[in-house]
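Examination of the molecular architecture
Listed below, chain by chain, are the residues.
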Amino acid sequence: MRTLLIILTALFILSLPVSGQDKKSDPRYDGKSKTTKNDWKGSDEEEKDTLVRRVEFGLNFGAYFANKYSANFYNGTPGNVNNNVDYIMSNPTWYREIQQLLGMSATDLVIVEGYPLDMHYNVAFSGGLFVRVNFTRRHGLFLQANYSQLRAADVITLWVNPDNTYLTYPDIRMEQVIGKEGRVMIDFGYQLSFPLKSKINFFIQAGATMCYTQVIKSIFVVEGTEYNLVQIYGNQGIQPGTNQQTYNINLNAFGFGGYLGVGAGIPLTDMFGIEPGFFAHYYPVNLEGYTDFKPSFGIYLRLLLSFGQAGD
């Protein structure tokens, strides 16, 4: 957060109007006439950072490229707390079902031979709401909330009958592990704009981010049959024919970090406009065992509706 504050301070200082300009170096000064206050206000509207009373509302549509680091939360390894394949394989009922699904007898042995250690998220759609308050033509504050649903999938290697000596090659089966999660990302920050005479303006944004991550699904899929890796039945697993108590296992988390973005504002009318842009997040997802800060990225197209008018 200290780095973020330094960036915000630097952007503010750079945006301040330069004072103490040498009047004689200005092409509007003819060396004869006296100057007044109005002579130094600037002749082009594009050169003046005028005060405004303008509020803008927007809809965000884009793509989110989440960092793959926390995708390994869904890989089923024993190190993942409350979310691993050992929980399924150690339960006699589920283990026997898996044997049957694989076409094995009750005396056949099935062991986990390997886990995926480099899982990643698919590129996900992102959408949300945006509001910005402009205080001048160059300075404003923004608040936005976006939602994205991420999916990570890979395969676990199962070795069937490892003690069989009559097979030339090991009987290896590949079965999927799949994770789905939803992220709500709320960004609040400062925007510095660079208006052009064409009325297009480029901008940079910096701010703070809060990310709420909700685990929607974490499953082990064997021949089309899904097994929930979340230990909602505790250490005992499922017991057929019993009315078992289930536990509320909270695998959701909050993470706080920073936001940086760049984009271009393209007005279509006085009230409507679009803004294509790019941004980077830097925060910890904070799912158990995955608490490091990592960068994620996104692109968007924003549809804007503006209210208010510029003033002097």
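Residues numbered from 1 in each chain as written. Predicted model: local features only at pLDDT ≥ 70, side-chain atom pairs only at ≥ 80, totals over all residues. Heavy atoms only, no water.

1. Let's talk about the confidence of the model for the protein
Confidence along the protein averages 84 in pLDDT terms, with 76% of residues attaining 70 or more. Within the protein, the element-level pLDDT minimum falls on helix 1 (residues 2-15), averaging 48, and the maximum on strand 9 (residues 272-283), averaging 98. The model gives residues 11-47 a pLDDT under 50, and that stretch makes 32 contacts with residues more than four places away or in other chains. (pLDDT = per-residue confidence, 0-100. Helix = DSSP H or I, 4+ residues; strand = E, 2+ residues; numbered from the N terminus. Contact = heavy atoms within 4.5 Å.)

2. So, the nonpolar core
The nonpolar side chains of a soluble globular protein tend to be buried with one another. Counting residues in each nonpolar core, the largest one holds 45 residues, and the members touching the most others are Tyr74, Ile98, Leu102 and Phe220. Per element, the largest residue contribution to this core is six residues, and it comes from strand 4 (residues 139-160). Not counting residues up to four positions away in its chain, the partners in contact with Leu102 are Val110, Leu158, Val160, Arg173, Glu175, Val222 and Glu223. (Core = buried A, V, L, I, M, F, W, Y, C linked by side-chain atoms within 4.5 Å. Buried < 20%, exposed > 50% of the residue type's maximum accessible area, 1.4 Å probe, protein only.)

3. Looking at the pattern of salt bridges
Across all of its chains, the model carries six salt bridges by this definition. Between Arg132 and Glu56 there is a salt bridge whose closest N-O contact spans 2.7 Å. Residue Arg132 is located in strand 3 (residues 124-136), and its partner Glu56 is located in strand 1 (residues 51-65); the two are separated by 76 residues in the primary sequence. Residues Glu275 and Arg132 are paired through a salt bridge, measuring 2.6 Å at the closest nitrogen-oxygen approach. Within this pair, whereas Glu275 is found in strand 9, its partner Arg132 is found in strand 3, the two being separated by 143 residues in sequence. On the basis of relative accessible area, Arg132 is assigned to the buried category, the value being 2%. (Salt bridge = Lys/Arg side-chain N within 4 Å of Asp/Glu carboxyl O.)

4. Digging into the side chain of Asn60
Position of Asn60 among the secondary structure elements: in strand 1. Looking at Asn60, its side chain comes within polar contact range of the side chain of Gln144, at 3.0 Å. In this structure Asn60 touches Ser126, Gly127, Gly128, Leu129, Phe130, Gln144, Asn146, Leu301 and Arg302, once residues within four positions along its chain are discounted. (Polar contact = N/O pair within 3.5 Å; in protein donor to acceptor, adjacent residues only side chain to side chain.)

5. Quick word on the packing of aromatic side chains
Applying the stated rule across the entire model yields 14 aromatic pairs. Judged by centre distance (6.1 Å) and plane angle (20°), the ring pair of Tyr64 and Phe279 falls under stacked. With a gap of 215 residues between them, Tyr64 in strand 1 and Phe279 in strand 9 connect regions that are remote in the sequence. Assessed through its relative accessible area of 0%, Tyr64 is described here as buried. The exposure class of Phe279 is buried, given its relative accessible area of 7%. (Phe/Tyr/Trp six-rings, centres within 6.5 Å; stacked < 30°, edge-to-face > 60°.)

6. Focus on the side chain of Thr209
Within the fold, Thr209 resides in strand 6 (residues 201-222). Taking relative accessible area as the criterion, Thr209 reaches 3% and is therefore assigned buried. A polar atom in the side chain of Thr209 sits 3.5 Å from the backbone oxygen of Gly258. For Thr209, the contacting residues outside a window of four places in its chain are Ile186, Asp187, Gly255, Phe256, Gly257, Gly258, Tyr259, His281 and Tyr283.

7. Here's the deal with the environment of Ala124
Mapped onto the secondary structure, Ala124 falls in strand 3. Excluding its chain neighbours within four sequence positions, the residues that come into contact with Ala124 are Gly62, Ala63, Tyr64, Ser148, Gln149 and Leu150.

8. Thoughts on the environment of Ser105
Along the polypeptide, Ser105 turns up in the loop between helix 3 (92-101) and strand 2 (110-114). Of the residues examined, Ser105 reaches a relative accessible area of 32% and is grouped as partly exposed. Not counting residues up to four positions away in its chain, the partners in contact with Ser105 are Arg96 and Gln99. A polar side-chain atom of Ser105 sits 3.1 Å from a polar atom in the side chain of Thr107.

9. Points about unusual backbone geometry
What you tend to see is this: most non-glycine residues have negative phi, and most peptide bonds are trans. If you check the backbone angles, Glu223 has positive phi at about 50° while not being a glycine. Position of Glu223 relative to the elements: it lies in the loop between strand 6 and strand 7 (225-228). One non-glycine residue, Asn286, lies in the positive phi region at around 70°. Within the element layout of this structure, Asn286 appears in the loop between strand 9 and strand 10 (294-310).

10. What to know about helix 3
When we look at burial in helix 3, the residues that qualify are Trp94, Tyr95, Ile98 and Gln99. When helix 3 is viewed along its axis, its buried side chains cluster within an angular range of 145° and face the same direction. In this structure, the buried side of helix 3 is in contact with helix 2 (86-89), strand 2, strand 6 and strand 7. Its side-chain oxygen 3.2 Å from the backbone nitrogen of Thr93, Asn91 forms the N-cap of helix 3. Taken from the residues just after helix 3, Gly103 is the one with a positive phi, measuring 75°. (Arc of directions from axis to C-beta.)

11. Regarding a nonpolar patch on the surface
A cluster of nonpolar side chains, namely Leu59, Phe61, Phe125, Leu129, Leu301 and Leu303, defines an oily patch on the protein surface of about 570 Å² accessible area. For the nonpolar patch, the secondary-structure elements that each account for two or more residues are strand 1, strand 3 and strand 10. Within the element layout of this structure, Leu303 appears in strand 10. (Patch = residues over 30% accessible without salt bridge, like charges linked within 9 Å, V, L, I, M, F, W, Y side chains within 5 Å. Areas by Shrake-Rupley, 256 points an atom, 1.4 Å probe, with all protein chains shown as cover.)

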